[in-house]
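Analysis of the macromolecular model
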Amino acid sequence: MSDISPSALELIGNTPLLALDRVYPGPGRILAKAEFVQPGGSVKDRAALRVLEDARESGALAPGQPVVEMTSGNMGAGLAVVCNILRHPIIVTMSEGNSPARARMLEALGAEVVLVAQVEGCPGQVSGADIDAASTRAIEIARERNAFYVDQFNNPSCVRAHEEGTGPEIWQVTGGDVDAFVAVVGTGGTFVGASRYLKRKRSGVYCVAVEPEGAEVLAGKEVAEPCHLLQGTGYGLVPPQWDPDLVDGFLAVSDEEATRFRRSLAEQEGLYVGFSSAANVCAAVKLIESGTVGRAPTVVTVLCDTGLKY
Ligand SMILES: Cc1ncc(COP(=O)(O)O)c(C=O)c1O
């Protein structure tokens, strides 16, 4: 009976590390954290749990107090899962640029969804200005309803979730046999947290930030194309918790490449994941083929979310 999980919270973290040997048969190997198996369907469950646990512990979040956050969908789903179990009402503000399936999923999880008109992005694709508009509304709601504002872009708990979770899990399961870590960047929590831990264990772990082609601001380029398919990432801004010292290289992935890899992951690996996951795998292949990390490296990346809501 000791194997019984008392709640869905126990399904967050400790995700399997999958070998993608069919999509990339070698030389070398791509291993991917299956973040989509978590109850909210994405990597953001980790940040949601950590933020709320830390806030409750510090007293910033009182029992039963409402929680509010701006989301592109995944953080909202993670927060809804955690809030339902810890018994906090959850309100999410979301740009109308996100797919309607996201709002439906959040409502099904019991979240109150406040849609915010797009400022400049395209339908299906959200820009930094759209994020700002949704954040402004979340801050207003926090004031009006005395709600706890998560503030995922600035909240250090979001980085800690990966520095104390994802990173150590990768190190432990690979037995330290990891040559490179490759990840897309939204708030930067995943990249910064996991890279920081891995580099602390071995400074030679090569960490690559992945950006949508045409929106490569972290690589120091002007945004030529703010509209892309990698929802949840590539907002054309440098996230406040970004740490450039952790980056060994940048790789860009086009919509066409992400679409192609998304199909390959489904058809060859049986993994129906979102576009950012596909971009990560595409970038991992590019990194290996570049020869930068040796002839047959082990490259770890992240399957950020399920493909069911695109
Ligand atoms: C689909 C998807 N992929 C990747 C990310 C990036 O994660 P992070 O915010 O940790 O950089 C997000 C963030 O919301 C996301 O929704």
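What you see is a predicted model, and the numbers here were worked out from it, not measured in a lab.

So, the site of the ligand
Inspection of the region around the ligand gives 16 residues, with K44, G186, T187, T190 and S276 positioned closest. At a separation of 2.9 Å, an oxygen atom of the ligand approaches a polar backbone atom of G188. Separating an oxygen atom of the ligand from a side-chain N or O atom of T190 is a distance of 2.6 Å. Relative to its unbound accessible area of 390 Å², the ligand is 97% covered by the protein chains. Taken together, the residues of the shell around the ligand break down into 4 nonpolar, 10 polar and 2 charged.

Looking at the sheet that holds strand β2 (residues 29-34)
Judged by pairing direction, the sheet is mixed, and its 6 strands sit side by side in the order β1-β2-β10-β7-β8-β9 without closing on themselves. With one partner strand each, in any of the chains shown, β1 (17-19) and β9 (249-253) form the two edges of the open sheet. Strand-to-strand twist of the sheet, defined as the mean angle between neighbouring strand axes without regard to direction, takes the value 30 degrees. Relative to strand β10 (residues 298-303), β2 runs parallel, the two sharing 6 bridges. Opposite K33, over in β10, you have V302 as the bridge partner. Here helix α5 (residues 156-174) sits on the sheet in contact with β1, β2, β7 (180-184) and β10, set at roughly 135 degrees to β2.

Concerning helix α6 (residues 189-201)
Between the first and last C-alpha of α6 there are 18 Å, a value that for 13 residues agrees with the 18 Å anticipated at 1.5 Å per step. For α6, the tally of buried residues reaches 10 of 13 residues, placing the bulk of the element in the interior. For α6, the set of buried residues is G189, T190, F191, V192, G193, A194, S195, Y197, L198 and K199.

Quick look at unusual backbone geometry
G26 connects to P27 through a cis peptide bond whose omega is 5 degrees. Within the fold, P27 resides in the loop between β1 and β2. Although it is not a glycine, N14 sits at a positive phi angle of roughly 50 degrees. Mapping N14 onto the fold places it in the segment before β1. Of the residues examined, N14 reaches a relative accessible area of 65% and is grouped as exposed. With phi around 50 degrees, N146 is a residue other than glycine that occupies positive phi space. Structurally, N146 can be placed in the loop between α4 (128-145) and β6 (148-149).

Quick word on the sheet that holds β6
Two orientations exist for strands paired in a sheet by backbone hydrogen bonds: parallel and antiparallel. Reading across the sheet, the 4 strands line up as β5-β4-β3-β6 and stay open at both edges, with parallel pairing between neighbours. Of all strands in the sheet, those bounded by a partner on one side alone are β5 (112-116) and β6. Where strand β3 (residues 67-70) lies against β6, 2 bridges are found, and the strand directions are parallel. Residue V67 lies in a different strand from β6, and its bridge partner there is F148. Docked against the sheet, helix α2 (residues 74-86) engages β3 and β4 (90-95), running at close to 175 degrees with respect to β4.

Remarks on the domain arrangement of the protein
Per the domain assignment, the segments making up the protein are domain 1 (8-37 + 155-303) and domain 2 (44-149). With centres defined by C-alpha atoms, the gap from domain 1 to domain 2 works out at 24 Å. Counting residues at the interface gives 26 residues for domain 1, matched by 24 residues for domain 2. Both sides together, the interface formed by domain 1 and domain 2 hides about 2,000 Å², and carbon and sulfur atoms give 59% of it. Linking domain 1 with domain 2 are 4 salt bridges, by the criterion used here. For D54, the salt bridge goes to R160, with nearest N and O atoms at 3.2 Å. Here domain 1 and domain 2 share 8 residue pairs in polar contact (both at pLDDT 80 or more) between them.

Cut-offs and rules
Residues numbered from 1 in each chain as written. Predicted model: local features only at pLDDT ≥ 70, side-chain atom pairs only at ≥ 80, totals over all residues. Heavy atoms only, no water. Near = heavy atom within 4 Å. Polar contact = N/O pair within 3.5 Å; in protein donor to acceptor, adjacent residues only side chain to side chain. Areas by Shrake-Rupley, 256 points an atom, 1.4 Å probe, with all protein chains shown as cover. Nonpolar A, V, L, I, M, F, W, Y, C, P; charged D, E, K, R; others polar. Pairing = 2+ DSSP bridges. Helix = DSSP H or I, 4+ residues; strand = E, 2+ residues; numbered from the N terminus. Axes fitted to C-alpha atoms, helices over the stretch in contact; angles between N-to-C directions. Contact = heavy atoms within 4.5 Å. Expected span 1.5 Å × (residues − 1). Buried < 20%, exposed > 50% of the residue type's maximum accessible area, 1.4 Å probe, protein only. Domains from an automatic or database assignment. Buried area = accessible area lost by both parts, 1.4 Å probe. Salt bridge = Lys/Arg side-chain N within 4 Å of Asp/Glu carboxyl O.

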